[in-house]
Each structure stands twice: as C-alpha cells, then as structure tokens.
Amino acid sequence: MADNGEEKLIAVARHIAKTLGHTDSMTDDILKIFSNFDGRLRDKLSDDGIEQTLKSLDRRLSRYISLDAPIWSNSVDVSSFLHAVDQLIAAVRDWAPLAAHKRVAACLARAEDLLQQTMLRLEDEFRALIESGGGGSTDSTRHHPDYSDDDGSIEEDEDTSIPVAEPVADYDDLLIDALPPGTVGDLHEIAKRMAAAGYEKECCAAYGACRREYLEQSLSRLGLPKLSIDEVQRMQWSQLEDEIERWIKAINVTLRVLLPSERRLCDRVFSGFPSDADLSFTEVCKGSIIQLLNFADAVAISSRSPERLFKVLDVYEAIRDLMPEFELLFIDEFCLPLRNEAITVWKRLGEVIRGIFLELDNLIRRDPAKSAVPGGGLHPITRYVMNYLCAACRSRLTLEQVFEESGDADYGKGETVSPSSLSAQLAWIMELLDSNLEAKSRVYKDAALGSVFMMNNGRYIVQKVKDNELGALLGDDWIRKNMAKVRQYHVKYQRSCWGKLLSYLKVDHSNSASSNGTSSKALREQLKLFNASFEEICRNQSSWVIFDEQLKEELKISVSGHLTPAYRNFIGRLQGCADLGRHTDRYIRYSLEDVEARINGLFQGTAAGAGRK
C-alpha cells in the first residue's frame, strides 16, 4: 500500500510540474514545495536523485547491452534485464514533464540514448528468438501435415535455422504453431516493452523481416520459384502449365494454412496492440502475396490463344475459391491493398477468359475454305471446336459466372447479348461454325457430296451437344432446329444425286398406244442411261464417308426405298414388251438383288477426319 501511495503521489507531482513548470525557476519552486511536503519526492525528483537513478540503470543495462551471449539463454538474466528496462521506460516517462529544467533535460537526453541502445538490444533478442524458435508444431488437437514429393521423400533444405512449413494436401481446420508457446510469450514481453518505449514500428519491422523469410522459404519448399512477370511470359506453354499446377498448390497452402497461422501468431505476440499486430502481419505476408498475385497476373496478360483457356480457368477458380480467405485475413487498413489487388487480378482473369472465347470466334472466322475434306467427312475445325466447347463446359458454373460479370457485349451481329448468357455466346460460336462449314461445303464440285459433308458435320455437332452440358445451355429448340437442318441436307442429297437417276425409270404411259417396237426402244434407251449413271454413282459414293452408322443406314434405307420400287416397276414394264420376247435379260444389267447390294456398298470411305472423337 505504501508503494502504491508513493506512485500516486509522484504521479500527482509529475502532472502538476508538467502543467505549471514552464520555466526553470518555476520548476525549481515547484520541486522545493513538494520536497518540503514529503521527503520521498525530494529523493525521487531532485537532480541528484535523477542522476543516481540514471547511473544505476546505465550500469545494470550496459552489462546486458554488451553481452555476447543471448540474454534469453538465462532466465535469471531475462528477469533482471526486463526489470531494468521497465524502470528505464518509467524514468523517461517521469522525467519528460520536467525537461524544462536544464539538468533534468540533460539526464533525460542520456536516458533516451540509453533507451535507444536498450531497444536495439531488445530487437536483436527479438530476432534471435524468432529465428531459433524451432520447427513449429500443430495444435495438440490437430494432426501434423505430411507433404512429400512425388517419390515419397521430403526435400531437405540446407538452411535449417529458419523453420519452414511443409505443404499439405488437406487444408481443413489446420493451423500451424510455427513457434513454441514459451517463445511466443517471450516475444510478447519484448514487444510490449518496445511498444511502451515508442519503438513499436521497429519491433514490427523486425518481426516482419524474420517471419517474411519464413514464408518465402515455405513457398520455395512448395516448389514455387520467384519469377518476374516477364519471366512467366517468356515461358513455353508446357512449362507454364506445370508452374500453374505448383502455383495452385502454393496459394492454397498459403491462404488456408500459412497465413492464418501467421495471423494467429501476430495476434499472440502483439496481444493488446492490435494495430501493431495488423502492421506486422502485413509486413510478413505482403511479399509472398504479391509474388503469388504477380504470377496470376502474368498468366492473365499473356497470350489469349484458345488452348490456354483451361489453365486460365484453373487460376481464376483458385483465386475465386480463396476470396473468403482474402476477405477474412485482409480486413485492416494495412492489408486492404492486398485484398483489392487480389480482386483486381481475379477480375482481370475473367476478362481474359471472355477474350479467349472471342479469339475462338476469330479462329473459326479465319479458318480457310480452300481444300475439301475427302469423302465429305468431318472437318478438323468441327471436331476441334466441339471437343473444345465440351471440355470448356465442364467448367460451366465458372463460365456462367465469368459471363455474368462481363457487362453488355456485342458478339459481332450488331446485337447486344445479355451479359448473363453464356448460352448466347455459345450459340453465336455455333452459328459461326455453321456458316464456316457452309462455305466449305461449296468447295465440293458435286452438290451431293457437299450435302453429305454438311450432314456429317451437322450430325456430329448435334450429337456432341446432346451428350454434353452444351445441350442444357443451347436448349432443346436449338437441338430440334439443327436436327431439322440435317434432314434438309438429307433431302438435298436425295434430290441432287438420285433424283436424276429416278427420272430414267419413269415410264411414259402415252407410249402404250404406240407400237411395241417404239415403246421397247425407248425403254431400252432409258435403261442404258440408268445403268451408266447408277454405275458411276455407286463407284463414286462407295468412297464417300458417313461417320455415323445410324445416319449411314438411314441414307441407304432412304435410297433403297425410293430406287428399288421404281426399278422393279421399270423392269417389269420392260419385260412386258412383246417384241423383246425372251431377250430382255441381255438388256438388264442389274437384278433387284444387285441394286440392293450396290446400295449397301455405298459410303465405305475411311477418309481422314471421318473418325468420331
């Protein structure tokens, strides 16, 4: 109680002196009044008392300041040192209001110099404790992460002085105690005193430098090298794909394990000093977060060729899925720029994805219609675009999100497409592809073969859409419309190829009134034309390609259904001519069975591009 009363009394004296003692003479007068009032104040606040206190503190602290060994290696030294530090901080605080007195001011200057030296030593001890704090351990209620290289071995690091967290495969509910509880407590005691002395920025900087190195080592252990944006852009795409895989693992471990652990450690070390904890956390993670985001940004500003879509989607989804972690970790004024940068990079990746789809549009437009696919089979552009879109639609939800964020866009027809419509973009791509194929079909000199080409490609497109998420995006109406297009090309094929042939089998019934000789002669001429044309058609179309077996059978059945009855009727009429008698067989080259066999021999081609993949 006596000590407490003394402290209160000194505090009152200090306050009054600070308030009233504007000159040396006034301060002396005040001190004399208090000295007469209580001898304890005379001892504490007299010039001699201040000088003695300063010498005592200087002697005790200088021994530790010049000590070669770590102070924290001996608990007795720690206790004595911290006690002396507390006294020095209190002395500087007590003497500051009396600085108008020259002798007090001189002592205060020496005390502040001693305080600075003491803080430098405390900073050194602070760094040493962090750097020798041990390899870290997980919470007692959680398992320790075990992350191995592909061969099952854990990579060793030559520098073992800095604890490095190992990567993990499962991030759920996992935090790492990178420093032992005892070390955390020691760091807190140092931080508390450096803050009390007004050296919190230096403390935060020291903490940030040490723990930042820990994070950088951890990213290196995760297999992610430090790369500039230029270095990323100069990479071969195959190499960059591998780096993206490593980056995804690294950013997940960083945001879900390392940084939450660092946030907790900062809060414990700087308990009671939330602003210092925020600043220190920013100092720790800023470099690593910028490194991770710069990589993503480099991916975003690189080539927008269509084959890059899928890895760009991976990067976009990685940042999107980690946005809750960004929002949770980076909430204070110091970290806010990092969160904003993450959002900016995320949005930029969305722009890139939309740009890649526009590049796909351009690729389809630029694909030339110079050479025809042999046999009217599948064109490579058809197979490429459809397989590409099918693969892209595995990320349907992500793509819908990307296009919802796009705002109004013109996709080339002078129309404004709804920003929420991924389906509108896909429908436009399909229309471009259809127009491109139409142009390619006109390269064929034989109109029937051009129709076969359009049937093949149209059927392939419809089947791909029906068997994939594309069907849900384009809709049943689109499917019905394009199936109808395939049927229209079927009709065109029938008319352009078999229509003329069927005209040779028409019988002019007006000839019935004529002589049998005249009738049979006309029929023989028609049959001759039929035989020649039928032979040429079958010879040509035997090498044509119909990739879809069902479509092939439908075409054969359709041809047979029109041709066989007409041919049967024609042959019957010919055989009924009396003037031919028994000699009709010499004019009939094909029996009905022969016609059926030749029809079955159609579309046996295996030209390149016919395979359905």
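How each quantity is defined
- For every chain, the first residue of the written sequence is number 1, and numbering continues from 1 onward in sequence order.
- Per-residue local features of the predicted model are confined to residues with pLDDT of at least 70, and side-chain atom pairs are confined, for both listing and counting, to 80 or more; whole-chain, interface and lining totals are unaffected and use all residues.
- The side-chain values count all of the structure's non-hydrogen atoms but skip hydrogen atoms and water molecules.
- A run of H or I in DSSP becomes a helix once it reaches four residues, and a run of E becomes a strand once it reaches two; helices and strands are each numbered from the N terminus.
- Only protein chains enter the accessibility calculation, which uses a 1.4 Å probe; a residue whose area is less than 20% of its type maximum is buried, one above 50% is exposed, and one in between is partly exposed.
- Here the accessible surface of atoms and residues is derived via Shrake-Rupley with a 1.4 Å probe, and residues count as covered only by protein chains that are part of the display.
- Working rule for contacts: check all heavy atoms of both residues, and any pair within 4.5 Å makes them a contact.
- Throughout this description, a polar contact denotes any pair of N or O atoms lying within 3.5 Å of each other; where both atoms belong to protein, one of them has to be capable of donating a hydrogen while the other can accept it, and for residues adjacent in sequence the pair is counted only when both atoms sit in side chains.
- Take a side-chain nitrogen of Lys or Arg and a carboxyl oxygen of Asp or Glu: if they are within 4 Å of each other, that pair is a salt bridge.
- Axis angles are defined between N-to-C directions and span 0 to 180 degrees, where every axis is a line fitted to C-alpha atoms and, for a helix, only to the segment in contact.
- Each angle is binned into one of four classes, with values under 35 degrees roughly parallel, values over 145 roughly antiparallel, values of 65 to 115 roughly perpendicular, and all other values oblique.
- The sense of a crossing depends on the near helix, which, turned anticlockwise from the far helix by less than a right angle, makes the crossing left-handed and, turned clockwise, makes it right-handed.
- Note that Gly is not counted as nonpolar here; it falls among the polar residues with everything else outside the nonpolar set of Ala, Val, Leu, Ile, Met, Phe, Trp, Tyr, Cys and Pro and the charged set of Asp, Glu, Lys and Arg.
- Nonpolar cores were defined as sets of buried Ala, Val, Leu, Ile, Met, Phe, Trp, Tyr and Cys residues, with membership established by side-chain atoms within 4.5 Å.
- Within a predicted model, pLDDT stands for the predictor's per-residue confidence, ranging from 0 to 100.
- For a helix, the expected span equals 1.5 Å multiplied by the number of residues minus one.
- Pairing of aromatic rings covers Phe, Tyr and Trp, the last counted by its six-membered ring, and requires centre-to-centre distances within 6.5 Å; plane angles under 30 degrees mean stacked, over 60 mean edge-to-face, and any other angle means tilted.
- When the NZ atom of lysine or the CZ atom of arginine is within 6 Å of a ring's centre and also within 35 degrees of its normal, the charge is said to sit over that ring.

**Q** Requested: an account of the overall build of the chain, with residues and values cited.
**A** The helix and strand inventory of the chain stands at 22 helices and 4 strands. When the 613 residues of the chain are sorted by exposure, 48% land in the buried category. Summed over its atoms, the accessible surface of the chain is roughly 29,700 Å², and 49% of this surface lies on carbon and sulfur atoms.

**Q** Tell me what's going on with the environment of D332, and back it up with residues and numbers.
**A** Relative to the elements of secondary structure, D332 occurs in the loop between α12 (309-329) and α13 (336-366). Not counting the four nearest positions on each side in its chain, D332 is found in contact with R263, D278 and T282. Of note is the side chain of D332, whose polar atom sits 3.0 Å from the backbone nitrogen of C335.

**Q** Give a description of the pattern of salt bridges that names residues and reports values.
**A** When the charged atoms of two side chains lie near each other, side chains of opposite charge can form a pair. Overall, the coordinates contain 31 salt bridges when judged by the stated rule. Between R121 and E125 there is a salt bridge, and its shortest N-O distance comes to 2.7 Å. Linking R121 with E125, this pair stays in helix α6 (residues 102-131), spanning 4 residues, or about one helical turn. As far as the burial class goes, R121 and E125 line up, both buried. A salt bridge links D434 to K485; its shortest N-O distance comes to 3.3 Å. Of this pair, D434 sits in helix α16 (residues 422-441) while K485 sits in helix α19 (residues 476-503), and the two are 51 residues apart along the sequence. We classify K485 as partly exposed; its relative accessible area is 24%.

**Q** Report on the packing of α12 against α13, specifying residues and quantitative values.
**A** In helix packing, the relevant descriptors are the interaxial angle and the interaxial distance, both defined with respect to the helix axes. Where α12 contacts α13, the two axes come as close as 9 Å, and the packing angle between them is 155°. Judged by the inter-axis angle, α12 sits roughly antiparallel to α13. In the crossing of α12 with α13, the sense of the turn from one axis to the other is left-handed. Side by side, α12 and α13 meet where L309, V312, L313, V315, Y316, I319, R320, M323, F326 and E327 of the first sit next to R339, A342, I343, V345, W346, L349, G350, V352, I353, I356 and F357 of the second. Here the contact of α12 with α13 is built from residues that sort into 17 nonpolar, 1 polar and 3 charged.

**Q** Explain the environment of G272 to me, using residue names and the numbers behind them.
**A** Along the chain, G272 falls in the loop between α10 (237-269) and α11 (274-300). With relative accessibility at 66%, the residue G272 sits in the exposed group. When the C-alpha positions of G272 and K192 are compared, they lie 8.4 Å apart, and in sequence the two are 80 residues distant.

**Q** Which residues make up the side chain of S558, and what values do they have?
**A** Inspection of the secondary structure assignment puts S558 in helix α21 (residues 549-575). A polar atom in the side chain of S558 sits 3.4 Å from the side chain of H490. Not counting chain neighbours up to four residues away, the residues in contact with S558 comprise H490 and Q494.

**Q** Describe the nonpolar core, with residues and values.
**A** By size, the foremost hydrophobic cluster in this structure holds 174 residues, and its most contacted members are F126, W247 and Y493. Non-local contacts of W247, meaning those with residues more than four positions away in its chain, are made with L224, L292, F295, A296, V315, A318 and I319.

**Q** Requested: an account of the confidence of the model for the chain, with residues and values cited.
**A** Per-chain confidence: the chain averages 83 in pLDDT, with 79% of residues scoring 70 or above. When the criterion is pLDDT under 50, residues 35-44 qualifies, and its contacts beyond four places in sequence or with other chains add up to 15 contacts. This stretch, residues 511-515, has a pLDDT under 50; its non-local contacts, to residues over four places away or in other chains, come to 3 contacts.

**Q** I'd like a description of the packing of α6 against helix α8 (residues 200-221), backed by residues and values.
**A** The interhelical angle for the contact between α6 and α8, taken along N-to-C directions, is 25°, at an axis separation of 10 Å. When the interaxial angle is binned, α6 and α8 end up roughly parallel. For the crossing formed where α6 meets α8, the hand is right-handed. Each of E123, F126, R127, I130 and E131 in α6 lies in contact with α8, whose residues at this interface are E202, C203, A206, Y207, A209, C210 and R211. For the contact of α6 with α8, the residue count by class is 7 nonpolar, no polar and 5 charged.

**Q** Give me the lowdown on helix α17 (residues 447-466), citing residues and values where you can.
**A** Helix length check: α17 (20 residues) gives 28 Å between terminal C-alpha atoms against 28 Å at 1.5 Å per residue, within 8%. The buried fraction of α17 is high, at 18 of 20 residues. The backbone nitrogen of A448 has a side-chain oxygen 2.9 Å away, supplied by the residue at the start of α17, namely D446.

**Q** An account of the side chain of T398 is requested, with residue identities and associated values reported.
**A** Its place among the elements puts T398 in helix α15 (residues 396-404). Owing to a relative accessible area of 4%, T398 belongs among the buried residues under this scheme. Look past the residues within four positions of T398 in its chain and what remains in contact with it is L313, Y316, E317 and R320.

**Q** Please provide a residue-by-residue account of the packing of aromatic side chains, values included.
**A** All told, the structure shown has 18 aromatic pairs when counted by the stated rule. Relative to F547, the ring of Y460 lies with its centre 5.8 Å away and its plane at 75°, an arrangement referred to as edge-to-face. Of this pair, Y460 sits in helix α17 while F547 sits in the loop between α20 (516-541) and α21, placing them 87 residues apart in sequence. Residue Y460 is classed as buried on the basis of its relative accessible area of 0%. Judged by centre distance (6.1 Å) and plane angle (55°), the rings of Y493 and F603 are tilted. With Y493 in helix α19 and F603 in the segment after α22 (592-600), this residue pair connects regions lying 110 residues apart in the sequence. Across this residue pair, the class does not change: Y493 and F603 are buried. Clustering of aromatic rings is evident, with ring pairs tying together W498, F530, F534, Y567 and Y590. One cation-aromatic arrangement involves R63 over Y64; the distance from NZ or CZ to the ring centre is 4.2 Å.

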